[in-house]
Amino acid sequence: MWIIMSNKRDYYEILGIEKKASKEEIKKAFHKLAHKFHPDKKEGDADKFKEVSEAYSVLSDDKKRAEYDSYGRVFGGGGAPGGTGAGGFGGFGQGGGFDFSQFAEAFNQGGAGFDMGDIFGDIFAGQAGGTRVRRGRDISIDLEISFKDSIFGIKRSVLLAKTGTCEACQGSGAKMGTEMMTCTHCNGQGKVHETTNSFFGTITMQSVCRHCKGMGKVPKEKCETCRGEGVYKKQEEIDITVPAGIEGNEMIRLTGMGEAVSGGNPGDLYVKVHIQPDARFKKDGPNLTTELSVKLTDALLGTSYKLQTLDGEEDIDIPTGVSHGEMLKVKGRGVPQRGGKRGDMYVRVKILFPHKLSKAAKSLVEKLKEEGI
């Protein structure tokens, strides 16, 4: 009996490799595509996944590859599991029980030894005795703060409308003081086995019982506030601590502050921080920079000026003969650092030159010119 594997497209083309590709190149190409099209992934594609699997099962086996290269097809005598000449893939979608060991063995032919659990771990988690734990949705919000608050840090509170844990029953779904009974859906095990038909065949998975939320018991009387769900939609005030020195568009993650879910773990809250610009100050690592306008005479003779910092007004000495664009340092008035230290503030001097001079002023400047100043 001659059995022909489907050959809708060239196997080398399916894997995106050349006909002279080595076994290692074939393995890498399959590994990449299997991850990409894995049906359990968000962007997965069951048909393409099956296609690359079929291509790999042939090209990873020396004998099958030689037959394919010579005749454009693979021949076999039905001795392999599933009754095909393709290394046992006849079980796909056939309605029979799926034997993962046979599937993994077929893919490990020809030295393809990479971890199949990498690709199939999510689908077969139930077969390994694990139980999928439900998880609530993550929430993402935007928070705008002032430049000063980004430097020193701040605590802010936001009001969110989200699914949260019921305070009345502490998430149990039971009316206070009510009797707890064995769940009839899982017989008190807290877990149920569900059978799913897929292109692999019949897959049995283990999951948390949604009726008792994995506890194995259900209340005789349900909580009136959440109607036995343990969670409900409500407004919740969330405290957010913005650390000192945060950068614009940085994300703060608050673990467990996302949407709550019945019988599972809550999601996380992600806060994207936006910083309002300040015309007076700029951040440069641990330091701050600003500008100070100084009159020409003060620059020549030196004096003291009032400087606006994020800590308030401070006196700064303008040295005699300071240059236009020169940087003056004010220690300890920059960004707070770990250990209690702070960066510095650098002040760029901007000398104000007069647009017009009176006769007396012009005469004085000419005298300075005569002296070579």
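Residues numbered from 1 in each chain as written. Predicted model: local features only at pLDDT ≥ 70, side-chain atom pairs only at ≥ 80, totals over all residues. Heavy atoms only, no water.

Side note on the pairing of strand β8 (residues 251-254)
Part 1 of the reasoning: Across the two faces of β8 the burial differs, with Ile252 and Leu254 buried and Met251 and Arg253 not buried at all.
Part 2 of the reasoning: Direction of pairing for β8 relative to strand β9 (residues 269-275): antiparallel, over a ladder of 4 bridges. Across the sheet, residue Met251 finds its bridge partner in β9, namely Lys272. (Buried < 20%, exposed > 50% of the residue type's maximum accessible area, 1.4 Å probe, protein only. Helix = DSSP H or I, 4+ residues; strand = E, 2+ residues; numbered from the N terminus. Pairing = 2+ DSSP bridges.)

Considering the sheet that holds strand β1 (residues 139-145)
Part 1 of the reasoning: Spatial strand order, β1-β9-β8: 3 strands in an open sheet with mixed pairing. Taken across any chain shown, the strands that pair with only one partner, and hence form the sheet edges, are β1 and β8. Within this sheet the neighbouring strands show an average axis-to-axis angle of 25°, counted without direction. (Axes fitted to C-alpha atoms, helices over the stretch in contact; angles between N-to-C directions.)

Side note on the nonpolar core
Part 1 of the reasoning: Ranked by internal contacts, the top residues of the largest apolar core, which has 20 residues, are Leu292, Ile316 and Val347.
Part 2 of the reasoning: Listed by contribution, the elements that provide at least two residues to this core are α7 (147-152), β11 (287-295), β12 (303-309), β13 (312-318), β14 (327-330) and β15 (345-352).
Part 3 of the reasoning: Per-element tally for this core: the top contributor is β15, with 4 residues.
Part 4 of the reasoning: Each residue touching Val347, except ones within four places of it in the same chain, is listed here: Thr290, Glu291, Leu292, Leu307, Ile316, Glu326, Met327, Leu328 and Val330. (Core = buried A, V, L, I, M, F, W, Y, C linked by side-chain atoms within 4.5 Å. Contact = heavy atoms within 4.5 Å.)

Points about the pattern of salt bridges
Part 1 of the reasoning: Following the criterion strictly, the structure yields 19 salt bridges and no others.
Part 2 of the reasoning: Across the pair Arg137 and Glu259 runs a salt bridge, and its minimum N-O distance is 2.8 Å. Linking Arg137 in the loop between α6 (117-120) and β1 with Glu259 in the loop between β8 and β9, this pair joins segments that are 122 residues apart in sequence.
Part 3 of the reasoning: In this structure Glu259 comes out as buried when scored by relative accessible area, which is 6%.
Part 4 of the reasoning: Here Lys220 ties to Glu179 by a salt bridge, and the two come within 3.9 Å at their closest N and O atoms. Of this pair, Lys220 sits in the loop between β6 (217-219) and β7 (231-242) while Glu179 is found in the loop between β2 (154-165) and β3 (180-182), placing the two residues 41 residues apart along the sequence. (Salt bridge = Lys/Arg side-chain N within 4 Å of Asp/Glu carboxyl O.)

Structural notes on a nonpolar patch on the surface
Part 1 of the reasoning: Taken together, Leu300, Leu301, Leu368 and Ile373 make up a surface patch of nonpolar side chains, about 410 Å² in accessible area.
Part 2 of the reasoning: Inspection of the secondary structure assignment puts Leu368 in helix α9 (residues 359-370). (Patch = residues over 30% accessible without salt bridge, like charges linked within 9 Å, V, L, I, M, F, W, Y side chains within 5 Å. Areas by Shrake-Rupley, 256 points an atom, 1.4 Å probe, with all protein chains shown as cover.)

Some thoughts on the state of the cysteines
Part 1 of the reasoning: Tallied over the full model, the rule gives 0 disulfides.
Part 2 of the reasoning: Cysteine Cys166 is unpaired, with the sulfur of Cys169 as its nearest cysteine sulfur at 3.7 Å.
Part 3 of the reasoning: Look at Cys166 and you get buried, because its relative accessible area is 0%.
Part 4 of the reasoning: Of all cysteine sulfurs in the structure, the one in Cys212 sits closest to Cys209, which takes part in no disulfide; the separation is 3.8 Å. (Disulfide = S-S within 2.5 Å.)

Topic: the packing of helix α3 (residues 46-59) against helix α4 (residues 62-71)
Part 1 of the reasoning: Remark: α3 packs on α4, axes separated minimally by 6 Å, with the N-to-C direction vectors making an angle of 100°. Our classification of the angle between α3 and α4 gives roughly perpendicular. Contacts between α3 and α4 involve Ser57, Val58 and Leu59 from the former and Lys64, Arg65 and Tyr68 from the latter.
Part 2 of the reasoning: Looking at side-chain class alone, the contact of α3 with α4 contains 3 nonpolar, 1 polar and 2 charged residues. (Parallel < 35°, antiparallel > 145°, perpendicular 65-115°, else oblique. Nonpolar A, V, L, I, M, F, W, Y, C, P; charged D, E, K, R; others polar.)

Some remarks on the packing of aromatic side chains
Both the distance between ring centres and the angle between the ring planes are used here to describe each pair of aromatic rings.
Part 1 of the reasoning: One pass over the structure, following the stated rule, counts 3 aromatic pairs.
Part 2 of the reasoning: Measuring from ring centre to ring centre gives 4.3 Å for Phe30 and Tyr56, while their planes differ by 15°; the resulting arrangement is stacked. In this pair, Phe30 sits in helix α2 (residues 23-37) while Tyr56 sits in helix α3, placing the two residues 26 residues apart along the sequence.
Part 3 of the reasoning: For Phe30, a relative accessible area of 0% puts it in the buried group. (Phe/Tyr/Trp six-rings, centres within 6.5 Å; stacked < 30°, edge-to-face > 60°.)

Details of α2
Part 1 of the reasoning: End to end, α2 covers 21 Å across 15 residues, agreeing with the expected 21 Å (1.5 Å per residue, within 8%).
Part 2 of the reasoning: When we look at burial in α2, the residues that qualify are Ile26, Lys27, Ala29, Phe30, Leu33, Ala34 and Phe37. Take α2 and look down its axis: the buried residues cluster within an arc of 165°, on one side only. With respect to the buried face of α2, the exposed residues turned more than 90 degrees away are Lys28, Lys32 and Lys36. (Expected span 1.5 Å × (residues − 1). Arc of directions from axis to C-beta.)

Thoughts on the confidence of the model for the protein chain
Part 1 of the reasoning: Overall, the predicted model of the protein chain reaches an average pLDDT of 81, with 79% of residues at or above 70.
Part 2 of the reasoning: Taken together, the stretch residues 1-7 has pLDDT below 50 and engages in 21 contacts with residues farther than four places along the chain or on a different chain.
Part 3 of the reasoning: With pLDDT under 50 throughout, residues 77-130 is counted as low confidence; its partners more than four residues away or in other chains account for 103 contacts. (pLDDT = per-residue confidence, 0-100.)

Looking at the sheet that holds β11
Backbone hydrogen bonds hold the strands of a sheet together, and the pairing may be parallel or antiparallel.
Part 1 of the reasoning: Spatial strand order, β10-β11-β15-β14: 4 strands in an open sheet with mixed pairing. Lying at the two open borders of the sheet, with one neighbouring strand each, are β10 (282-284) and β14. Taken pair by pair, the neighbouring strands of this sheet meet at an average axis angle of 35°, ignoring direction.
Part 2 of the reasoning: Note: β11 against β15, 8 bridges, orientation parallel. Considered in β15, the bridge of Leu288 is made with Met345.

With respect to the side chain of Asp344
Part 1 of the reasoning: Note that Asp344 resides in the loop between β14 and β15.
Part 2 of the reasoning: It turns out Asp344 is buried and unbridged, and the closest side chain with the opposite charge, Lys329, is 4.1 Å from it.
Part 3 of the reasoning: A polar side-chain atom of Asp344 sits 2.9 Å from the main-chain amide nitrogen of Gly332.
Part 4 of the reasoning: Leaving out residues up to four positions away in the same chain, Asp344 has contacts with Pro286, Asn287, Leu288, Lys329, Val330, Lys331, Gly332, Arg333 and Gly334. (Lys, Arg positive; Asp, Glu negative; His and termini not counted. Polar contact = N/O pair within 3.5 Å; in protein donor to acceptor, adjacent residues only side chain to side chain.)

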